[in-house]
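# Notes for the structure review
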Amino acid sequence: MDLLYFRLGAAPYAIPLERVAEVAPAGPIHPVPLSPPAVLGLAERRGRPIAVIDLPRLLDREPAGGTVAHVVRLASPLDGAALWVPSEISSGTGTPAEAGHASIDGRDHLVLDTEALVKRAAAPL
Amino acid sequence: MDLTPYLDLFVAEARDHLGAACELAGSLGEGEARDAALAQLFRHVHSIKGMAASMGFAAMSALAHDAESLMDRLRQTRAVPEPGTERVLRDALACLERMVDRAERKDAVDDAERAALQDGLRRLLGGHPARAGAAPLDPGGSAGPARAAAGPESSGCFKIAVIVRRDRSFPAVRAAIVIGKLARLGKLVRIDPPMAALRTGRFDGRLAVTIAAHLPARALAARVSAVEEIETFTMVPVEAPRSRDASAPVTASLRVRSDRLDALLEDVLELMSSLGRIDAAGREIETTRRLARRAYDALVEMRLVPFEVASQRLSREADALSRRLGKGAAVEVEGQEVKLDRSLLERIIDPLLHMVRNAVDHGIESAETRKAARKPAVGRVRIRVARLASRLSITVEDDGRGLDPRRLKQTAIERGLLTPAEAVRLADPAALSLITLPGFTTAEETTEVSGRGVGMDVVKTTVEALGGRLRIESRPGRGTRLELSLPATVALVQTYVVRAAGMSFAVPLASLGRMASMDDHSTTWRDGRRYWNVGAEEIPVWALRDVLRLHGPAEGRGGMVLIGEAASGATVGIEVEEIVGRREVVVRPLPPPVSGLAGYSGAAVLDDGGIVLVLDPANLPLD
């Protein structure tokens, strides 16, 4: 399976490529008052607002101190939702391993369920 | 041949025809008006028959055929129809409508319903097998029912399809000769292929000519058959074209799939926003912007349809169901003329149908029960559509038995959706929302009444996916009111841009009553709440920075109050620190995971790529 993969802190994660509409460098994010804490705010992409989800916070990971950050815009039916990933992102082919993991170049990555993530991000706490 | 790509078009066109047909069938009138209505009705059903046949929907086509035959019989004989005839016709139209629904979902045909109806139709046709009388001139059978429109003695407009003898050389020349001979029999309204194509010499032997004949049908047929270059032909009476002059320019209307229009609209919007970012002065860029704006306005307008398109279907559904259940229910629709986005309407039609069925089936009581409760024997279902600011409100209200929170809780416990302890804690108004839980409605009920597995849970999720909300109100014994509050999706909205705690927000003009500046002298504090006194009025005021829990430093001179109406109907004031000015923005629904967030009707991207949140003052979470 084709995957995007990256690290948050030391932990390796992957997202199925078919769930991704686009990866772009993170730009300005406009805060949304009263939004759930895992939502960083809105960003503009192709003339439309997209909601940016704080992935490290949602996964309870320390954000990396680096300067690189990406926004991973999700594909339909999650149009308009995007994940903020503060690290380098690569793409590659992985082989499915047990319990929602995939092996990429012999390394184990946790494959994220984007729908569950967005649902979790909508929760107030 | 795979016809799937044409399914959407078929469904859209069939619905248009059915909508018009049902309206006609609802009030046939008398005398000449009745004849005219029947003729129109006939044409709509005839179109459906043809379209269904070309899509391979044989059952649909057969039912349309029998309905058509019955109409033709009524028209032809001018006899007083047997009682129940019009009802059978209406039922047949309703059945066709359901068949189109099924075709759209690619479901199998429900043949039991059709077969029963078709039996009824044939009985009314007096045992005359529907397909028996195909005209000799019409080997394909397609003109059978239309035959009577131009009886043997009448002259009129006919479409003559000809196969030119192929045993001769120069078939294109032969075709031209045929056309010349036919032209002597009347005025040629249309020639297909056109003469220009024939002159190129390409001709496959088939020619279709529409002719406004000087002769009665029978004589015309005789003259046509005497043309020796013609091998075979069929002749079908057709409606005379509105324009007498075939060469006169005609404003054609074009059917466009709504998703294509959506895509085009998106492109124009993107064009507008990227034009906004071009850092250039001068007339060219201004002209370009104006053109983009004009294209946008035209596209938005094209996507709007009056609610009437849906309300006819809703009324008919309610009528049919109340008849089937032996209940009296009258449907009133308010706001037929309100225009809304077609794509939005397409997505909410099923939820609305479900709400209306619910109102008739579960809401309205039997006549006896109503009488005992001192209510009018006939129940009332009111559908109301209104445009409020950048939102659209659609309510379905009945004066039936209402929802009983205790019974709802009991059902939820029985279905394992609620523990008895939770039920005790659940407040009555909140208990009404139990009907939106998946699994609350039993499978038995969904098949029998709604028929398509749309439950209130689907209504709720559909509305929320559109960035809207479902509100449920009910008074036991008095009735139930369901309101869909929806964003009006893509649309340019006039707003005021306001600021509070260093942030900008847009507030739709239409959501505001008025605006005023407020000073400390005119406010009083009571029970921890600030009130603004204007004349005899006392308006509670909330600061936007408090409502949205903003912590930035205050700016501007402060004290500007936006006065609007809260969802509860009360007048409220929202204090902001500065009103920056007016701005026209494209309001986009908030994307997931913030799509359901209260207090906003969406967000807009400004020309410079910046984002502004659009407030929905009526739904701000004031304590």
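Here we take up a negative patch on the surface. There is a patch of like negative charges on the surface, built from Glu23(B), Glu308(B), Glu332(B), Glu334(B) and Glu337(B). Mapped onto the elements, Glu337(B) comes out in the loop between strand S6 (329-334) and strand S7 (339-341).

Residue and element names in this part refer to chain B. Taken as a whole and assessed by the stated rule, the structure comprises 23 salt bridges over all chains. Among the ionic pairs, Asp66 bridges to Arg122, the shortest N-O distance being 2.8 Å. Of this pair, Asp66 sits in helix H3 (residues 58-77) while Arg122 sits in helix H5 (residues 111-124), and the two are 56 residues apart along the sequence. Among the salt bridges present, the one from Arg384 reaches Glu397, with a minimum N-O distance of 3.5 Å.

At the junction of the two partners, chain B supplies 24 residues and chain A supplies 25 residues. For chain B, the biggest contributors to the area lost against chain A are Pro592(B), Pro593(B) and Ile611(B); these three give 29% of the whole. Linking chain B with chain A are zero salt bridges, by the criterion used here. Counting every contact that joins chain B to chain A gives two residue pairs in polar contact (both at pLDDT 80 or more). Per-element tally for the side of chain B that touches chain A: the top contributor is helix H9 (residues 258-277) of chain B, with four residues. Considering only residue class, the side of chain B that touches chain A consists of 17 nonpolar, two polar and five charged.

Turning next to unusual backbone geometry. At the junction of Ser76(A) and Pro77(A), the peptide bond is cis and its omega measures out at 5 degrees in the coordinates. By the element assignment, Pro77(A) lies in the loop between strand S6 (70-74) and strand S7 (81-85). With an omega of 5 degrees, the peptide bond running from Pro592(B) to Pro593(B) counts as cis. Along the chain, Pro593(B) turns up in the loop between strand S20 (578-586) and strand S21 (600-605).

Take the confidence of the model for chain B next. Close reading of the predicted structure is inappropriate where its pLDDT is low. Residue and element names in this part refer to chain B. Per-residue confidence for chain B gives a mean pLDDT of 79; residues scoring 70 or more make up 84%. Note that residues 128-154 has pLDDT below 50 and, in this model, 44 contacts with residues that lie over four places away or in other chains. ipTM for the predicted complex: 0.93, alongside a pTM of 0.50.

Geometrically, a pair of aromatic rings is defined through the distance of the ring centres and the angle of the planes. Under the counting rule described, the total for this entry stands at one aromatic pair over all chains. When the ring centre of Tyr531(B) is taken as reference, the NZ or CZ atom of Arg526(B) above it lies at 4.4 Å.

Right, let's talk about the sheet that holds strand S8 (residues 90-93) of chain A for a bit. All names here are of chain A. The sheet built from six strands is open, its strands ordered S8-S1-S2-S11-S10-S9 with mixed pairing. Where the open sheet ends on each side, the last strands, each with one partner, are S8 and strand S9 (95-97). Adjacent strand axes in the sheet meet at a mean angle of 40 degrees when their direction is disregarded. Across four bridges, the pairing between strand S1 (residues 2-8) and S8 is antiparallel. Bridging across to S8, Leu4 finds its partner in Ser91.

Conventions and cut-offs
- Residues numbered from 1 in each chain as written.
- Chains lettered and ligands numbered in written order.
- Predicted model: local features only at pLDDT ≥ 70, side-chain atom pairs only at ≥ 80, totals over all residues.
- Heavy atoms only, no water.
- Patch = residues over 30% accessible without salt bridge, like charges linked within 9 Å, V, L, I, M, F, W, Y side chains within 5 Å.
- Areas by Shrake-Rupley, 256 points an atom, 1.4 Å probe, with all protein chains shown as cover.
- Salt bridge = Lys/Arg side-chain N within 4 Å of Asp/Glu carboxyl O.
- Lys, Arg positive; Asp, Glu negative; His and termini not counted.
- Charge placed at Lys NZ, Arg CZ, Asp CG, Glu CD.
- Helix = DSSP H or I, 4+ residues; strand = E, 2+ residues; numbered from the N terminus.
- Contact = heavy atoms within 4.5 Å.
- Buried area = accessible area lost by both parts, 1.4 Å probe.
- Polar contact = N/O pair within 3.5 Å; in protein donor to acceptor, adjacent residues only side chain to side chain.
- Nonpolar A, V, L, I, M, F, W, Y, C, P; charged D, E, K, R; others polar.
- pLDDT = per-residue confidence, 0-100.
- Phe/Tyr/Trp six-rings, centres within 6.5 Å; stacked < 30°, edge-to-face > 60°.
- Lys NZ or Arg CZ within 6 Å of the ring centre and 35° of its normal.
- Pairing = 2+ DSSP bridges.
- Axes fitted to C-alpha atoms, helices over the stretch in contact; angles between N-to-C directions.

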